[in-house]
Amino acid sequence: MAAPRAAWGIEIGADALKGIRLERDGDEVRVADFAYIPHKKSLTDPDADADDSIRITLGAFMTRKDLEGEHVVMSVPGHESFARFAKLPPVEAKKVPDIVKFEAVQQIPFPIEEVEWDYETFAREGSPELEVGIFAIRRDRIERRLELYRDVSLVPEAVTLSPVALFNAVSHDMNIQEGGKPVVILDIGSQSTDVIIADGRKCWIRTFQLGGTHFTDAIQEAFKLGYGKADRLKREASTSKYAKQIMQAMRPVFSDLLEDLQRSLNYYRQMNPGV
């Protein structure tokens, strides 16, 4: 089956559905269409019915865009998935799948029959060393998400992890080549943050549980506000007359974020001397 010449990529975040339609023209890719549809209420709001909100937003997307016959790819957030990286012992190519499965059983913190998983191997030019990235998600989580899509008669042909999709996008857009300097990508979401390092065609990912919601919580506690008002105050912080007080309330969260980021970068340096 020939690869599709166009595809919609859909990500459902805590605040909105984001969609982008890409078209291939030879080796080039261009943005042909896009969508940004906010939820009526943030999924992180304690009063929100997440599944119902997602269905409504997906329904709105389907009424605005004609997806008849389109190739659709769905992303799963980093904090709902699992990514691990390991170096493999020198083995014959035909034995790599068995070695990787053994590694997956050791690394994935759930019974292997309860997850959907895949892997990608990375090799540096001129080096016999082989590394593997193992990517997984619990089967019940992916089924629950797919069920929401099916409720609006939308069936994705493929599923990817959002940090992997971001790695692919940045690598293509910046034309990251083997032997160049690694690029660090920081994606701060509502509930978690993804750190992605693009090093040639090799990627490394770490997700930690700190995101926009934690900044809102800090404001909520400091100013004794409801979640919705605290979230609005955070978004308007740069123009608010209380900007100094808002930033002061969020300072501990910034410190935690920077500490987690530095720890991730230090670990990558330890595993990749000379980078």
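Right above here is the structure, for reference.
Okay, so let's go over this structure.

Conventions used here
Residues numbered from 1 in each chain as written. Predicted model: local features only at pLDDT ≥ 70, side-chain atom pairs only at ≥ 80, totals over all residues. Heavy atoms only, no water. Pairing = 2+ DSSP bridges. Helix = DSSP H or I, 4+ residues; strand = E, 2+ residues; numbered from the N terminus. Axes fitted to C-alpha atoms, helices over the stretch in contact; angles between N-to-C directions. Contact = heavy atoms within 4.5 Å. Buried < 20%, exposed > 50% of the residue type's maximum accessible area, 1.4 Å probe, protein only.

**Comments concerning the sheet that holds strand 8 (residues 158-161)**
Part 1 of the argument: Taken together, the 5 strands give an open sheet; going across it, the order is 3-2-1-4-8, and neighbouring strands pair in mixed fashion. With one partner strand each, in any of the chains shown, strand 3 (28-38) and strand 8 form the two edges of the open sheet. Sheet twist, expressed as the average angle between the axes of neighbouring strands with direction ignored, equals 25°.
Part 2 of the argument: In the sheet, strand 2 (residues 16-25) pairs with strand 3 via 10 bridges, with the strands oriented antiparallel. Paired with glycine 19 across the strands is alanine 35, a residue of strand 3.
Part 3 of the argument: Contacting strand 1 (6-12), strand 2 and strand 3, helix 1 (residues 50-64) crosses the sheet at an angle of about 130° to strand 3.
Part 4 of the argument: The strands touched by helix 4 (residues 162-173) are strand 1, strand 3, strand 4 (72-76) and strand 8; relative to strand 8, the strand with the most contacts, the crossing angle is about 85°.

**Quick word on the sheet that holds strand 5 (residues 82-88)**
By definition, the strands of a sheet pair up through backbone hydrogen bonds, in either a parallel or an antiparallel sense.
Part 1 of the argument: Read across the open sheet, the 3 strands follow the order 5-7-6; overall the sheet is antiparallel. Here the strands that pair on one side only, and so sit at the sheet edges, are strand 5 and strand 6 (115-123). Between one strand axis and the next, the sheet turns through 20° on average, direction left out of account.
Part 2 of the argument: Pairing analysis gives 7 bridges linking strand 5 to strand 7 (residues 130-138), with the strands arranged antiparallel. In the sheet register, alanine 86 faces strand 7, and the bridge partner there is valine 132.

**Some points on unusual backbone geometry**
Part 1 of the argument: The phi angle at asparagine 175 is positive, at roughly 50°, despite the residue not being glycine.
Part 2 of the argument: Here asparagine 175 is to be found in the loop between helix 4 and strand 9 (183-188).
Part 3 of the argument: In this structure, lysine 224 takes a positive phi of about 55° despite not being glycine.
Part 4 of the argument: On the secondary structure map, lysine 224 appears in the loop between helix 5 (212-223) and helix 6 (227-235).
Part 5 of the argument: Owing to a relative accessible area of 69%, lysine 224 belongs among the exposed residues under this scheme.

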